[in-house]
Amino acid sequence: TELLKAENLTKAYAGNATPVLGGVDFAQTEGEFLSVVGPSGCGKTTLLRCLSGLMRPDAGGVSHRGESFTRPPEWLSIVFQDYNRSLFPWLTVRGNVGFGLRERDRAKKAAMVDDAIDAVGLSHAADLHPWQISGGMQQRCALARSLVSSPGLLLLDEPFASVDAQTRIDLQDLLMKLVAERGISALLVTHDIDEAVFMGDRVVVLSTRPARVVEEVIVDLPKP
Ligand code: ADP
Ligand code: ADP
């Protein structure tokens, strides 16, 4: 079944002559790790905003599990590029991961938070604040926060763009392991073709602005 479908997504920002999205069409199946790759500035962040409901397209539409979009479904979770700005500095890692988690049973909630923190390898830093840990650890924290609600689909916007090369490799491996283990579908947008191919089961290639899908490639490589 189709988990996510984008049909003719079109978007222009006020005051800009060239639209950002020029009619983007693709679909993602349940369980798939889909990479969307395109040059910087082509509209990837805009596309994610439309897919997640943060922004309304000018034309075209998004459907989730066959239903046309009304509001962000609860099974959808987002990891932003600027994770350092998406974590609350006044909360600890544990506080950030638990923030917004809708679970009323306190013991159950604590167990879910600890499980997510453990899964990303941050147990030793659970009581530290974001400004006390490295960039890579901050992104692990953001990842834990997005996983804690057991989402069906994880939307990722260049999540590893601002970490060093070794940290990026560690985080890529961790993310692939986690989504595979937990049966989570993932949609990764990136400008990095190597990353797109390394992580994706399938790669959707966008043109320069106005973005359209110019190619779809099935990646036939063994996963680590
Ligand atoms: P990417 O994520 O591929 O780098 P973006 O979707 O962030 O691309 O941006 C696409 C283009 O739209 C860029 O030229 C950017 O300057 C412009 N843009 C993004 N957000 C806005 C906005 N809110 N208002 C006006 N222009 C924007
Ligand atoms: P990214 O970080 O993926 O490149 P952003 O959405 O942060 O995408 O911004 C991309 C570009 O769009 C930036 O150069 C920024 O200056 C511009 N931009 C973002 N929001 C606005 C806005 N509200 N109005 C005008 N330009 C914007």
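Residues numbered from 1 in each chain as written. Chains lettered and ligands numbered in written order. Predicted model: local features only at pLDDT ≥ 70, side-chain atom pairs only at ≥ 80, totals over all residues. Heavy atoms only, no water.

Going by the annotation in an unreviewed UniProt entry, the name recorded for the protein is Bicarbonate transport ATP-binding protein CmpC, with Martelella mediterranea DSM 17316 given as the source organism. In UniProt, the protein has this text filed under Sequence similarities (unreviewed entry): "Belongs to the ABC transporter superfamily." (UniProt positions renumbered as here; feature names shortened; annotations may be inferred.)

A few words now on the overall build of the protein. Within the protein, the regular secondary structure consists of 7 helices and 10 strands. Here the protein has a C-alpha radius of gyration of 17 Å; the compact-globule value for 224 residues is 17 Å, and the two agree. When each of the 224 residues of the protein is scored for burial, the buried share is 46%. Contacts in the protein between residues far apart in sequence, at least 24 positions, make up 69% of those at least 6 positions apart. As displayed, the protein has an accessible area near 11000 Å², and 51% of this comes from carbon and sulfur atoms. Here the protein contributes 23 positive and 28 negative side-chain charges, whose respective centroids are spaced 8 Å apart. (Helix = DSSP H or I, 4+ residues; strand = E, 2+ residues; numbered from the N terminus. Rg over C-alpha atoms; globule rule 2.2 N^0.38 Å. Buried < 20%, exposed > 50% of the residue type's maximum accessible area, 1.4 Å probe, protein only. Contact = heavy atoms within 4.5 Å. Areas by Shrake-Rupley, 256 points an atom, 1.4 Å probe, with all protein chains shown as cover. Lys, Arg positive; Asp, Glu negative; His and termini not counted. Charge placed at Lys NZ, Arg CZ, Asp CG, Glu CD.)

Since the α-helix turns once every 3.6 residues, residues separated by three or four places project in the same direction. Burial analysis of helix H1 (residues 44-52) places 7 of its 9 residues in the buried class, which makes it a mostly covered element. Just downstream of H1, Gly53 is the residue with a positive phi angle, here 90°.

What follows is about the site of ligand 2. With respect to spatial proximity, the complete set of residues near ligand 2 consists of Thr45, Arg49 and Gln81. Thr45 places a polar side-chain atom, nitrogen or oxygen, 2.8 Å from an oxygen atom of ligand 2. At a separation of 2.9 Å, an oxygen atom of ligand 2 approaches a polar side-chain atom of Arg49. Here ligand 2 loses 19% of its free accessible area of 550 Å² to cover by the protein chains. (Near = heavy atom within 4 Å. Polar contact = N/O pair within 3.5 Å; in protein donor to acceptor, adjacent residues only side chain to side chain.)

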